[in-house]
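A look at the structure
The lines below spell out each chain.
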Amino acid sequence: MAFAHLTGCVKLSTMKLGCLLWAVGCGALLGRATAAEWDVQRCEGRDYVTLENVAAFYGFPKPAPLTPPTAAEIAAMVVGAASASEFGITTAATLAAVSRTIAMEAGGLRLEVTPGLSEASINGVKQWLAFPVRVENGHALVSRLDLSKVIEPRLRPELIAGLQPVTTVVLDPGHGGHDRGASSRFGFEKDFALDVALRARTALEKAGYAVVLTRASDIFIPLEERPAIANRIPNSIFVSIHFNSSSSNADARGFEIFSIAPRGAPATNDWVPSERDLREEPGNAVEQPSGALAGCVFHALLGQVPMVDRGLKHARFAVLRRCERPAVLVECGFVSNPAESSLISSGAWRARIAEAVVDGVENYRALAETKQRPKTLADYRRSAAGHLPLRALAVP
Ligand SMILES: [Zn+2]
């Protein structure tokens with residue numbers, strides 16, 4: 001997790017701004033592109049652009065030049081890195097601070113990146129990049145894949161082309177039957193997930209959606225059958241509901257959400273792409289809508305339920321890989337954490353989670369059908385009067 005000191009990055013010919021962002025298409029962006037060009041560099045077979053370029057494109061103030069970390073900072077980072085994997089986000093947050101997070105903001109958009117780390121923040125929520133931000137000759141470099149497939153669509157989801165309308169929501173309560181999922185002294189993940197899905201179904205039907213559950217009772221459904229249900233329904237989205245657990249860390253807590261890893265990107269926490277990461281999966285055809293759905297649901301969840309933000313992540317779970325409709329898997333807290341498992345055992349708490357998921361779906365539908373910019377965490381905080389703050393849990 002140390003700074004990547006690079007030798008051998010090759011400067012490629014510069015490219016027009018808009019065409020770099022193939023995820024949203026050249027046409028959408030050329031209109032607002034400035035005369036500047038991307039300074040593309042190839043490092044170890046991967047294309048990168050400078051953070052200065054990114055800042056210029058979004059109209060952010062120019063980031064200050066990087067200075068090398070002090071010996072004390074390097075020592076702190078090494079210690080932090082060793083314990084970050086063991087102790088999770090609390091230490092990772094410390095590590096990020098030591099690594100000098102660069103925050104850039106303009107026009108209602110906010111991006112934070114940290115040289116040396118994959119952990120970023122986009123419009124106020126944590127976003128795991130496919131590749132760490134590199135450092136080359138005093139410049140921070142962001143991978144082109146991250147810029148086009150993660151940063152741009154998460155910063156400005158309203159520019160994603162081709163989102164389909166949403167008429168049906170397929171809710172997928174995780175596990176079931178003999179597969180109980182994680183468990184605590186209060187009960188099993190399979191039952192908590194089903195309860196959230198049933199509550200969300202009622203609210204979604206009230207809002208005018210058709211709702212299909214992959215299971216509406218305590219039965220076992222093989223993983224591959226779950227996305228297949230959504231694949232048979234046009235204009236559907238797929239939301240898989242789970243609760244988390246850690247066998248090694250009772251302190252692990254908070255929400256996280258997964259969408260399919262873009263082709264060529266490793267799953268979050270797999271540091272090096274494997275051959276499998278380069279393969280096209282059915283889910284890759286909808287990776288942009290899925291990422292947008294993940295963003296909508298995650299902002300709504302954190303905006304309505306004040307829990308720790310573990311971030312938007314990428315995965316190749318079977319339910320995401322095989323789903324041809326926009327698909328996410330949300331982890332609604334840790335049953336292995338004593339405080340969270342107690343909350344999760346409460347029906348009122350699960351109702352809040354269900355409400356937030358429904359709100360996220362509504363935001364996605366508005367985005368897909370009317371290009372309405374989805375509510376962000378900051379928007380929720382501004383209108384948070386209706387919800388009780390849970391100070392005891394809202395610790396970073
Ligand atoms: Zn699960």
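Residues numbered from 1 in each chain as written. Predicted model: local features only at pLDDT ≥ 70, side-chain atom pairs only at ≥ 80, totals over all residues.

In this section: the overall build of the protein. From N to C terminus, the protein includes 14 helices and 19 strands. Looking at the 396 residues of the protein, the share that counts as buried comes to 47%. The long-range share in the protein, meaning contacts at least 24 apart out of those at least 6 apart in sequence, stands at 72%. (Helix = DSSP H or I, 4+ residues; strand = E, 2+ residues; numbered from the N terminus. Buried ≥ 20, exposed ≤ 12 C-beta atoms within 10 Å, placed from the backbone. Contact = placed C-beta atoms within 7 Å.)

Taken over all residues, the pLDDT of the protein has a mean of 86, while the share at 70 or more is 81%. For residues 22-35, every residue scores under 50 in pLDDT, and the model assigns this stretch 26 contacts once sequence neighbours within four places are set aside. Low pLDDT, under 50, characterises residues 81-98; the predicted model gives this stretch 28 contacts beyond four residues in sequence or across chains. (pLDDT = per-residue confidence, 0-100.)

As a general feature of sheets, a regular strand has side chains that alternate between the two faces. Of all 8 residues making up strand E19 (residues 327-334), 8 are buried, and the element is well covered by its neighbours. When strand E16 (residues 236-244) meets E19, the two strands line up parallel, connected through 6 bridges. By the bridge assignment, Ile-241 is partnered in E19 with Val-330. Where strand E17 (residues 255-260) and E19 come together, 4 bridges link them in antiparallel fashion. (Pairing = 2+ DSSP bridges.)

Further remarks concern helix H7 (residues 189-206). Along its 18 residues, H7 runs 26 Å from first to last C-alpha, staying within 8% of the 26 Å computed at 1.5 Å per residue. In the stretch just after H7, Gly-208 is the one whose phi turns positive, near 100°. (Expected span 1.5 Å × (residues − 1).)

This part is about the environment of Leu-293. With respect to the helices and strands, the residue Leu-293 is situated in helix H10 (residues 287-304). Residue Leu-293 is classed as buried on the basis of its 31 C-beta neighbours within 10 Å. Once residues lying within four places of it in the same chain are set aside, the contact partners of Leu-293 are Ile-237, Pro-326, Val-328 and Tyr-364.

On to the environment of Val-305. The topology assignment puts Val-305 in the loop between H10 and strand E18 (309-315). Judged by C-beta crowding, with 22 C-beta atoms within 10 Å, Val-305 ranks as buried. Separated by 48 residues in the primary sequence, Val-305 and Ile-353 have C-alpha atoms spaced 7.1 Å apart. Once residues within four sequence positions are removed from consideration, Val-305 is found in contact with Arg-352, Ile-353 and Ala-356.

Our focus in this paragraph is helix H3 (residues 51-58). Burial in H3 covers these residues: Leu-51, Asn-53, Val-54 and Phe-57. What you see down the axis of H3 is that its buried residues fit within an arc of 155°, all on one side. (Arc of directions from axis to C-beta.)

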